[in-house]
Structure formats: C-alpha cells, structure tokens
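Coordinates in review
The lines below spell out each chain.
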Amino acid sequence: MKILANDGISKSGIIALEDAGFEVITTKVAQEQVANYINTNNINVLLVRSATKVRKDIIDNCPSLKIIGRGGVGMDNIDVEYAREKGIHVINTPAASSDSVAELVFAHLFSGVRFLHDSNRLMPLEGDINFEILKKAYAAGVELRGKTLGIIGFGKIGKSVARIALGLGMKVIASDKFVGKAEIRVDFYNNQFINVEITTEPIEDIFKHADFITLHVPAQEGYLISKDQFEVMKDGVGIVNASRGGIIDEVALVDALDSGKVSFAGLDVFEDEPKPAVQVLMNPKISLTPHIGAATLEAQDRIGTELAEQIISILKTEK
C-alpha cells in the first residue's frame, strides 16, 4: 500500500511505516493536482498538516483512499464527517504537539511582558547609538508570576498551557463549552508532582478577570474576540493566539493595541495566511511567528510515530 505524506512526515514515522511494509511518498503535490496524483499512483493513505486541504472533490474522486491523516490537532482543512460517511478513516494526533504549542505560547508571553519582540528589532539598528534610550523604553516589564492567565479552550493544548502556568506560579482560569472541570498534573524533574483541579468558567469571566488571555479553540465562523470583547477586558491585557486565524478581529486588535487597552499580542496564526496584513506585521506591540506552534523536532517525531501506529493498526486489521 502507498502513503502520500503531502505536507511531510518525520523520519521516525517513515521508518515505522516502511518497516510495516508500506511505501511512503513525500513528494509535495500542488493542491490542484492532489486528486490526480492519488489516482495515478493508487495512493491509499493521504497524510496532511495544515497546508493541504482535503475537501469533497478529493474524497469523491479518489476511490483508492482508505485513510486521511492530519498531523496535528485541528482538522478544519478536512471534510471529516463527509469522508467518514464515505467509509474513509480520518485520524489525527491530538496529543503529539500539545507541549510544543504550549511552550510557544509562553515564548510569546515572555516576549510581550519584557518587550523582546520590539527590542530584537531595534537593538541591531540603534543599540550602539541609543542604548540608554532603549534601556529606558524597555524598563517597565512585568512578571508572569502571580498574574492570572485566562485559557479559552481547555482541551489538550489548553491543559498543557495550564501546567506551565501553574509551574510559574500563575493563577489559571479557563473556559470551555465542553469541559466542566479538569485535574492538571504538574510534574517536576525529581518524579514529584502536584494535582490542581480547575473548574471552567463562562468566557465573559475570562475576559473580565484575566491579565493575559490565550486561545486554543478550533476554527469557527465569525470572531470570538472583537471590539465588544476588548472593551470588557482589563486595561493592559496581553493576548496570545496560537490556535486558528480568524478568531480575533485583527482590525479591532490593532485599535486596542494603539489605545493601550491591550498591552501586547502574540500571534502565531493570522486572518490572511500566508499573507498577513501589513498593519499586523509592522505593529511594534505584536510578537510574531509564522504558524509554527507544532514545529519542534520532538513534536514532529511524535506526530510521525503516532500517525504510523494508527495507520498500521487500521490497515493490518482490515487485511
């Protein structure tokens, strides 16, 4: 059987699949050519990340497909229910990249509270001539310890974020339509741990009480945060979005940053990918990364291995 990993797969995943007798193809096929390539090469498994879209046209026109796999959590680039109705298995790796995304959230948080995103832009340009001016400009940093972190979306990634926050001594509040409460286990290097129970709250309470807000929800119609939501937040709130673009109204965000209502934002995802708005890219109060939440070597290794295990299990069982 043939597997097309159109958006790539880790070496460990390739080895596991090849050892099980599968042929793994890592050729990058353009979106408009995916269906034709699958049919021409009799592909049985299509693996994607966020770049390749698997819509009804591919599902309807590729009878050889048995499995569609998403390396990561969100599957909004796949018509999941339609594929399953057609008898195709749809799999993903919800736990493999959670810690990587959570660490990126804190990279943005630390960058924001200590102005690293702006400092790293200006120090190479002005550090030798305006050192004292820059020192004064970035002298009003704040600590994360003791502050309240609001987590919107309390799934696997949200819980990973909570673990780090608790370890830093932050107060954690969370909101999720489907999770009432969760026990967060915080592990330490010497095999000791603590369990902290967190009961979720209405999202409006998160907006009102959080010093920092981080979003971990799937793609949806309309904005989750726009002008009205910014207005009820604390003055000087910091916001991080490492989930999906289009959840935050970027025009309202820039306005809130300009007014000082929001002190900084950290964005890994954008309304218009892969061409984010210039006013977002150039704003000195926004820490920016190009949708790399799950892009660590460790996460990619786990994703590849987990996909391989699921594929092997499904296809070996069906033989």
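Values in this document were obtained by computation on a predicted structure and should not be read as measured data. (Residues numbered from 1 in each chain as written. Predicted model: local features only at pLDDT ≥ 70, side-chain atom pairs only at ≥ 80, totals over all residues. Heavy atoms only, no water.)

Taken in spatial order, the 6 strands line up as S7-S6-S10-S11-S12-S13 in an open sheet, and their pairing is parallel. Every interior strand has two partners, whereas the edge strands, strand S7 (171-175) and strand S13 (286-288), have only one. Within this sheet the neighbouring strands show an average axis-to-axis angle of 15°, counted without direction. In this sheet, strand S10 (residues 212-215) lies alongside strand S6 (residues 148-152) in parallel orientation, the contact comprising 4 bridges. Note on S10: the bridge partner recorded for Ile152 is Leu215. (Pairing = 2+ DSSP bridges. Helix = DSSP H or I, 4+ residues; strand = E, 2+ residues; numbered from the N terminus. Axes fitted to C-alpha atoms, helices over the stretch in contact; angles between N-to-C directions.)

Let us look at the sheet that holds strand S2 (residues 23-25). Taken in spatial order, the 5 strands line up as S2-S1-S3-S4-S5 in an open sheet, and their pairing is parallel. The outermost strands of the open sheet, each flanked by one partner alone, are S2 and strand S5 (89-92). The sheet shows a mean angle of 20° between the axes of neighbouring strands, direction not considered. The sheet contact formed by strand S3 (residues 45-48) and strand S4 (residues 67-70) spans 4 bridges and is parallel. Bridge assignment links Leu47 to a residue of S4, and that residue is Gly69.

Here the focus is helix H8 (residues 156-167). The first and last C-alpha atoms of H8 sit 17 Å apart over 12 residues, in line with the 16 Å expected at 1.5 Å per residue. Listed as buried for H8 are Ile157, Gly158, Ser160, Val161, Ala162 and Ala165. Looking at the packing, one finds that the buried side of H8 touches helix H5 (98-113), S6, S7, strand S8 (181-187), strand S9 (193-199) and S10. Gly169 occupies a position one or two residues after H8 and carries a positive phi of about 85°. (Expected span 1.5 Å × (residues − 1). Buried < 20%, exposed > 50% of the residue type's maximum accessible area, 1.4 Å probe, protein only. Contact = heavy atoms within 4.5 Å.)

Running from N to C, H5 and H8 point in directions that differ by 50°, and their axes come no closer than 8 Å. The orientation of H5 with respect to H8, classified from their angle, is oblique. The way H5 lies across H8 gives a crossing that is right-handed. Residue-level contacts link Ser98, Asp99, Val101, Ala102, Glu103, Val105 and Phe106 of H5 to Lys156, Ile157, Ser160, Val161, Ile164 and Ala165 of H8. (Parallel < 35°, antiparallel > 145°, perpendicular 65-115°, else oblique. Left-handed = near helix turned anticlockwise from the far one by under 90°.)

Looking at the secondary structure, you find Asn44 in the loop between helix H2 (34-41) and S3. Ignoring anything within four residues of it in the chain, the contact list for Asn44 reads Met1, Lys2, Ser64, Leu65, Lys66 and Ile67.

Taken as a whole, this structure holds 10 salt bridges when the rule is applied. The residue Asp7 makes a salt bridge to Lys28 at a minimum N-O spacing of 2.8 Å. Of the two residues, Asp7 is situated in the loop between strand S1 (2-5) and helix H1 (11-19) and Lys28 in the loop between S2 and H2; the sequence distance between them amounts to 21 residues. Under the relative-accessibility criterion, Lys28 is labelled exposed at 53%. The residue Arg55 makes a salt bridge to Asp79 at a minimum N-O spacing of 3.2 Å. With Arg55 in the loop between S3 and helix H3 (56-61) and Asp79 in the loop between S4 and helix H4 (80-85), this residue pair connects regions lying 24 residues apart in the sequence. Judged by its relative accessible area of 21%, Asp79 falls in the partly exposed class. (Salt bridge = Lys/Arg side-chain N within 4 Å of Asp/Glu carboxyl O.)

Looking only at helix H11 (residues 250-259), the buried set comprises Glu250, Ala252, Leu253, Val254, Ala256 and Leu257. In this structure Asp249 caps H11, since a side-chain oxygen of it lies 3.1 Å from the backbone nitrogen of Val251. Where H11 ends, the next residue or the one after it, Gly260, has phi of about 90°, a positive value. (Polar contact = N/O pair within 3.5 Å; in protein donor to acceptor, adjacent residues only side chain to side chain.)

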